[in-house]
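In case you want the letters, here they are:
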Amino acid sequence: MADFAKLEVWRKAHALVLNVHRVATAMRGSTQASLKSQMVRASMSIPTNIVEGRGQRSDRDFARFLRYAVNSSSELEYHLIMARDTEAITRTDCTALIDQTKEVRRMLYGLEKTILSRP
(Lines give C-alpha, C1' and ligand atoms only; values in the text may rest on other atoms or scores of the structure.)
Protein backbone atom coordinates (compact mmCIF):
# COMPACT_ATOMS: atom_id res chain seq x y z
CA MET A 1 0.00 0.00 0.00
CA ALA A 2 1.38 3.37 -0.98
CA ASP A 3 2.05 5.94 1.74
CA PHE A 4 -0.71 8.28 0.53
CA ALA A 5 -3.34 5.57 0.93
CA LYS A 6 -2.76 5.66 4.69
CA LEU A 7 -4.13 9.20 4.81
CA GLU A 8 -7.78 9.43 5.84
CA VAL A 9 -8.20 12.55 3.71
CA TRP A 10 -7.05 10.64 0.62
CA ARG A 11 -9.54 7.83 1.33
CA LYS A 12 -12.38 10.36 1.73
CA ALA A 13 -11.29 12.21 -1.44
CA HIS A 14 -11.20 8.93 -3.37
CA ALA A 15 -14.72 8.09 -2.18
CA LEU A 16 -15.82 11.55 -3.33
CA VAL A 17 -14.44 10.88 -6.83
CA LEU A 18 -16.35 7.61 -7.01
CA ASN A 19 -19.58 9.32 -5.99
CA VAL A 20 -19.09 12.23 -8.41
CA HIS A 21 -18.36 9.74 -11.19
CA ARG A 22 -21.55 7.80 -10.38
CA VAL A 23 -23.70 10.96 -10.48
CA ALA A 24 -21.94 12.38 -13.56
CA THR A 25 -22.37 9.13 -15.47
CA ALA A 26 -26.12 9.39 -14.95
CA MET A 27 -26.23 12.90 -16.48
CA ARG A 28 -27.90 12.86 -19.89
CA GLY A 29 -27.69 15.14 -22.86
CA SER A 30 -24.91 16.45 -25.05
CA THR A 31 -25.25 19.92 -23.55
CA GLN A 32 -24.09 18.48 -20.22
CA ALA A 33 -20.96 16.78 -21.61
CA SER A 34 -18.52 19.55 -20.72
CA LEU A 35 -20.02 20.04 -17.25
CA LYS A 36 -19.87 16.30 -16.62
CA SER A 37 -16.23 16.23 -17.70
CA GLN A 38 -15.33 19.22 -15.52
CA MET A 39 -17.02 17.67 -12.48
CA VAL A 40 -15.09 14.43 -12.86
CA ARG A 41 -11.80 16.20 -13.59
CA ALA A 42 -12.09 18.58 -10.62
CA SER A 43 -12.99 15.72 -8.28
CA MET A 44 -10.11 13.56 -9.53
CA SER A 45 -7.70 16.44 -9.05
CA ILE A 46 -8.27 16.39 -5.28
CA PRO A 47 -6.84 12.93 -4.46
CA THR A 48 -4.35 13.23 -7.32
CA ASN A 49 -2.80 16.30 -5.72
CA ILE A 50 -2.67 14.53 -2.37
CA VAL A 51 -0.77 11.67 -4.04
CA GLU A 52 1.61 14.04 -5.84
CA GLY A 53 2.16 16.09 -2.71
CA ARG A 54 2.87 13.05 -0.56
CA GLY A 55 5.73 12.21 -2.90
CA GLN A 56 7.45 15.57 -2.43
CA ARG A 57 10.69 15.96 -0.52
CA SER A 58 9.58 18.68 1.88
CA ASP A 59 6.57 19.45 4.03
CA ARG A 60 6.32 22.86 2.40
CA ASP A 61 5.99 21.23 -1.03
CA PHE A 62 3.43 18.77 0.30
CA ALA A 63 1.43 21.70 1.72
CA ARG A 64 1.55 23.40 -1.71
CA PHE A 65 -0.10 20.35 -3.30
CA LEU A 66 -2.68 20.25 -0.52
CA ARG A 67 -3.52 23.86 -1.44
CA TYR A 68 -4.03 22.74 -5.06
CA ALA A 69 -6.40 20.06 -3.78
CA VAL A 70 -8.31 22.66 -1.76
CA ASN A 71 -8.64 24.81 -4.88
CA SER A 72 -9.94 21.83 -6.86
CA SER A 73 -12.52 21.17 -4.16
CA SER A 74 -13.78 24.75 -4.53
CA GLU A 75 -13.96 24.30 -8.30
CA LEU A 76 -15.89 21.06 -7.85
CA GLU A 77 -18.34 22.73 -5.49
CA TYR A 78 -19.14 25.34 -8.14
CA HIS A 79 -19.60 22.70 -10.85
CA LEU A 80 -22.02 20.86 -8.58
CA ILE A 81 -24.01 24.04 -8.02
CA MET A 82 -24.11 24.63 -11.76
CA ALA A 83 -25.26 21.05 -12.37
CA ARG A 84 -28.01 21.47 -9.77
CA ASP A 85 -29.16 24.82 -11.12
CA THR A 86 -29.34 23.50 -14.69
CA GLU A 87 -31.20 20.46 -13.37
CA ALA A 88 -28.51 18.11 -14.62
CA ILE A 89 -28.38 16.48 -11.16
CA THR A 90 -30.89 16.28 -8.35
CA ARG A 91 -30.81 18.61 -5.37
CA THR A 92 -30.36 15.55 -3.16
CA ASP A 93 -27.25 14.40 -5.07
CA CYS A 94 -25.91 17.94 -5.12
CA THR A 95 -26.33 18.40 -1.38
CA ALA A 96 -24.72 15.06 -0.58
CA LEU A 97 -21.75 15.72 -2.88
CA ILE A 98 -21.24 19.26 -1.61
CA ASP A 99 -21.32 17.99 1.98
CA GLN A 100 -18.68 15.40 1.07
CA THR A 101 -16.61 18.04 -0.72
CA LYS A 102 -16.72 20.37 2.28
CA GLU A 103 -15.68 17.56 4.62
CA VAL A 104 -12.67 16.76 2.44
CA ARG A 105 -11.78 20.46 2.20
CA ARG A 106 -11.88 20.83 6.00
CA MET A 107 -9.59 17.81 6.31
CA LEU A 108 -7.20 19.27 3.73
CA TYR A 109 -7.07 22.58 5.63
CA GLY A 110 -6.35 20.71 8.85
CA LEU A 111 -3.58 18.61 7.32
CA GLU A 112 -2.04 21.66 5.67
CA LYS A 113 -2.08 23.56 8.97
CA THR A 114 -0.51 20.61 10.80
CA ILE A 115 2.22 20.23 8.20
CA LEU A 116 3.08 23.92 8.11
CA SER A 117 3.24 24.15 11.92
CA ARG A 118 5.97 21.52 12.14
CA PRO A 119 9.38 22.88 13.16
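Cut-offs used in this document
Residues numbered from 1 in each chain as written. Predicted model: local features only at pLDDT ≥ 70, side-chain atom pairs only at ≥ 80, totals over all residues. Heavy atoms only, no water. Helix = DSSP H or I, 4+ residues; strand = E, 2+ residues; numbered from the N terminus. Rg over C-alpha atoms; globule rule 2.2 N^0.38 Å. Buried < 20%, exposed > 50% of the residue type's maximum accessible area, 1.4 Å probe, protein only. Areas by Shrake-Rupley, 256 points an atom, 1.4 Å probe, with all protein chains shown as cover. Lys, Arg positive; Asp, Glu negative; His and termini not counted. Charge placed at Lys NZ, Arg CZ, Asp CG, Glu CD. Phe/Tyr/Trp six-rings, centres within 6.5 Å; stacked < 30°, edge-to-face > 60°. Salt bridge = Lys/Arg side-chain N within 4 Å of Asp/Glu carboxyl O. Contact = heavy atoms within 4.5 Å. Axes fitted to C-alpha atoms, helices over the stretch in contact; angles between N-to-C directions. Parallel < 35°, antiparallel > 145°, perpendicular 65-115°, else oblique. Left-handed = near helix turned anticlockwise from the far one by under 90°. Nonpolar A, V, L, I, M, F, W, Y, C, P; charged D, E, K, R; others polar.

Observations regarding the overall build of the chain
Then, number 1: Summing up its helical and strand segments, the chain has four helices and zero strands in all.
Then, number 2: Helices and strands in the chain line up, N terminus first, as α-α-α-α.
Then, number 3: Relative to its length of 119 residues, the chain is compact, with a C-alpha radius of gyration of 15 Å against a globular reference of 14 Å.
Then, number 4: Each principal axis of the C-alpha atoms in the chain carries an extent, and together these give about 50 × 20 × 20 Å.
Then, number 5: The buried share of the chain, taken over its 119 residues, is 40%.
Then, number 6: Within the structure as shown, the chain displays about 6900 Å² of accessible surface, and the carbon and sulfur contribution to it stands at 52%.
Then, number 7: Charged side chains of the chain number 19 positive and 13 negative; the gap between the two group centres comes to 2 Å.

Digging into the packing of aromatic side chains
Then, number 1: Under the criterion given, the structure shown has two aromatic pairs.
Then, number 2: The interplanar angle of 70° and the centroid separation of 5.0 Å between the aromatic rings of Phe 4 and Trp 10 together place this pair among those described as edge-to-face.
Then, number 3: Residue classification places Trp 10 among the buried positions, given a relative accessible area of 16%.

Brief notes about the pattern of salt bridges
Then, number 1: Per the stated rule, a full pass over the model turns up eight salt bridges.
Then, number 2: Asp 85 is paired through a salt bridge with Arg 84; the nearest N and O atoms lie 2.8 Å apart.
Then, number 3: Since its relative accessible area comes to 48%, Asp 85 is described here as partly exposed.

Let's talk about the side chain of Glu 112
Then, number 1: For Glu 112, the location among the structural elements is in helix 4 (residues 91-116).
Then, number 2: Glu 112 has contacts with Ala 63, Leu 66 and Arg 67, leaving out every residue within four places of it along the chain.

Quick word on the packing of helix 1 (residues 8-25) against helix 4
Then, number 1: Viewed as axis vectors pointing N to C, helix 1 and helix 4 meet at an angle of 160°, and their least axial separation amounts to 10 Å. By the criterion of interaxial angle, the relationship of helix 1 to helix 4 is roughly antiparallel. Read as a crossing pair, helix 1 and helix 4 show a hand that is left-handed. Judged by residue contacts, Glu 8, Val 9, Lys 12, Ala 13, Ala 15, Leu 16, Asn 19, Val 20, Arg 22 and Val 23 of helix 1 engage Asp 93, Leu 97, Gln 100, Thr 101, Glu 103, Val 104, Met 107, Leu 108 and Leu 111 from helix 4.

Considerations on the packing of helix 2 (residues 33-54) against helix 3 (residues 59-85)
Think of two packed helices as two axes; the pair is described by the angle between the axes and how far apart they sit.
Then, number 1: It is the contact of helix 2 with helix 3, at a shortest axis distance of 8 Å, that shows an interaxial angle of 165°. One way to sum up the angle between helix 2 and helix 3 is to call them roughly antiparallel. Of the two possible hands of crossing, helix 2 and helix 3 adopt the one that is left-handed.
Then, number 2: In terms of residue class, the contact of helix 2 with helix 3 is built from 14 nonpolar, eight polar and three charged.

Comments concerning the environment of Ile 81
Then, number 1: As for its position among the elements, Ile 81 is in helix 3.
Then, number 2: Setting aside residues no more than four positions away along its own chain, Ile 81 makes contact with Cys 94 and Ile 98.

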